[in-house]
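Read off the chains here:
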Protein chains: 2
Amino acid sequence: MKVIKVAASVMRGNEKIALENQAVFRNNNVFVVNIMGSPGAGKTTLLLKTIEALKDNVRIGVIEGDIATSHDAELIHAAGVPVVQINTEGACHLDARMIQLALTHFNLAEIDLLFIENVGNLVCPAGFNLGESARVVVSSVPEGDDKPKKYPGMFRVVDAVLLNKIDLSGVFGFNINTFREDVRQTRELEIFEVSCKTMDGLSGWIDWLMGKRSAVGY
Amino acid sequence: MKVIKVAASVMRGNEKIALENQAVFRNNNVFVVNIMGSPGAGKTTLLLKTIEALKDNVRIGVIEGDIATSHDAELIHAAGVPVVQINTEGACHLDARMIQLALTHFNLAEIDLLFIENVGNLVCPAGFNLGESARVVVSSVPEGDDKPKKYPGMFRVVDAVLLNKIDLSGVFGFNINTFREDVRQTRELEIFEVSCKTMDGLSGWIDWLMGKRSAVGY
């Protein structure tokens, strides 16, 4: 009983800071995308390919969330965009307060599009509003076609699904119809079948992203 | 401050029930293995192959943990062993209390070896003692060779690592030496390179498991 109350108060505290973050993003015309997914789904590689496609036209920033290491942030840094690494040191998700602290390290006037790569986890990050403009999940073919059914909480909160490593659907006997149907049972969502290796499907995702950004008037 | 205190009290509460579970397992000579890993790492398939190899000689039971669905439990049931499905309905890990409740559905006098398949999550399950005899993590090649470094908490608490889908290490450019070295930096652990598809390496895992069980005198 006591635990539940405190959890609710933690969530209220997070929600309050998320709204503050949201206001900061609006005031600076920054479109913010929270990228979630299992460990190894391909979030960082997707980010690198997306940066490559967009960086000549859009000023990008990245917040990298990991339990440990700054490996992913180094890859992003090498791609030539400003990046801040958050090490959660054990925590299973990013929260709004961590983002608020990370934001002090950016000049937001010089950023149009901010990506937040969450901790690799198909469960917990879904429960924490960061003040972002859009949420996406990267699901990958090797994880199996049953993930939307087994982890419905994540698919309920996102605005789009990137089904990555699609070039390997034959190798893994992945049933795309099952996957699509199970996502649809949870919520009507855009699903992009992509491969960050062959570049298949990435233009659809990038068009969607830019469309979403235009839609909010940035 | 308040949150941390309550979290500690939750953990103390869990620890107390875990010790009760442990006593129940000892009194009934049941060897209990907690299987953890990311979504789609191959935990259920490993379990099915292990059951197939052992079920003529050892009486097996299974507790299946999932956020939603009883899909995995149905597969285990079809393999002919008693199984209880726990649906956490959103919770990101199993805890000792859930196991205690599940145990009321087994006749422990008729079980030698109990597998607990945890919720697919490379972070949170590592923090919760269930009273088990051994813990293993299933890591899979498509997740990438950087997982031990990026999720050290999990590799710190397990007794062995099953590196699954090893038949695809070429396809994914997976560096096994990097993986092994990073595990070693965290802790000296037995690593089994296995493929539940080709059956490679499974006998080593099963020998280890039976050896562990003999070592505690069951």
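Analysis parameters
- Residues numbered from 1 in each chain as written.
- Chains lettered and ligands numbered in written order.
- Predicted model: local features only at pLDDT ≥ 70, side-chain atom pairs only at ≥ 80, totals over all residues.
- Helix = DSSP H or I, 4+ residues; strand = E, 2+ residues; numbered from the N terminus.
- Buried ≥ 20, exposed ≤ 12 C-beta atoms within 10 Å, placed from the backbone.
- Core = buried A, V, L, I, M, F, W, Y, C linked by C-beta atoms within 7 Å.
- Contact = placed C-beta atoms within 7 Å.
- Pairing = 2+ DSSP bridges.
- Least-squares fit on C-alpha atoms with pLDDT ≥ 70 in both.
- Axes fitted to C-alpha atoms, helices over the stretch in contact; angles between N-to-C directions.

Participant: Any chance you could explain unusual backbone geometry here in plain terms?
Facilitator: Negative phi is the rule for most residues except glycine; trans is the rule for most peptide bonds. All names here are of chain A. The phi dihedral of Glu89 is positive, around 50°, even though this residue is not glycine. Tracing the chain through its elements places Glu89 in the loop between strand S3 (83–87) and helix H4 (96–103). By C-beta crowding, Glu89 is classed as exposed, having 10 other C-beta atoms within 10 Å. Even without being a glycine, Lys165 presents a positive backbone phi close to 60°. As for its placement among the helices and strands, Lys165 is situated in the loop between strand S6 (160–164) and helix H7 (176–186).

Participant: Is there a simple way to explain the nonpolar core in this structure?
Facilitator: Of all hydrophobic cores here, the largest spans 117 residues; its most connected members are Ile116(A) and Ile116(B). Filtering out sequence-adjacent residues up to four positions away, Ile116(A) remains in contact with Val32(A), Val33(A), Asn34(A), Ile35(A), Ile63(A), Gly65(A), Leu94(A), Ile99(A), Leu130(A) and Glu132(A).

Participant: What's the story with the pairing of strand S1 (residues 31–37) of chain A in this structure? I'm lost.
Facilitator: Where a strand is regular, its side chains alternate between the two sheet faces. Residues and elements named next belong to chain A. S1 sits mainly inside the fold: seven of its seven residues count as buried. Covered by surrounding structure in S1 are Phe31, Val33, Ile35 and Gly37 together with Val32, Asn34 and Met36, the residues of both alternating faces. Inspection of the sheet shows S1 paired to strand S4 (residues 113–117) by five bridges, in the parallel sense. Note that in S4 the partner of Asn34 across the bridge is Ile116. The pairing of S1 with strand S5 (residues 134–140) spans five bridges and is classified as parallel. Bridge pairing in S5 places Val33 opposite Ala134.

Participant: Got a minute to help me understand the relation of the copies chain B and chain A in this structure?
Facilitator: Placing chain B over chain A gives an RMSD of 0.0 Å and needs a rotation angle of 180°, together with 0.0 Å of translation along the axis. Between the two chains, the operation in question is that of a two-fold axis. Looking at chain B, 100% of its interface residues are interface residues in chain A too, so the copies touch through the same face.

Participant: Please clarify how the sheet that holds strand S7 (residues 190–193) of chain A should be interpreted in this entry.
Facilitator: Working definition: the strands of a sheet are paired by backbone hydrogen bonds and lie parallel or antiparallel to each other. All names here are of chain A. The sheet built from seven strands is open, its strands ordered S3-S2-S4-S1-S5-S6-S7 with parallel pairing. Unpaired on one side and paired on the other, S3 and S7 mark the two borders of the sheet. Averaged over all adjacent pairs, the angle separating strand axes in this sheet is 20°, with direction ignored. Pairing analysis gives five bridges linking strand S2 (residues 60–66) to S3, with the strands arranged parallel. Within S3, the position partnered with Ile63 by the bridge is Val84. Strand contacts of helix H2 (residues 43–54): S1, S2, S4, S5 and S6, with the helix running at about 170° to S4, the strand carrying the most contacts. Against the sheet, helix H8 (residues 202–215) makes contact with S1, S4, S5, S6 and S7, and its axis sits at roughly 145° relative to S7, the strand it touches most.

Participant: Looking at this structure, I do not really get the environment of Gly217(A). What am I missing?
Facilitator: Residue and element names in this part refer to chain A. With respect to the helices and strands, the residue Gly217 is situated in the segment after H8. Of the residues examined, Gly217 has 8 C-beta atoms within 10 Å and is grouped as exposed. C-alpha separation for the pair Gly217 and Asp167, spaced 50 residues apart in sequence, amounts to 35 Å.

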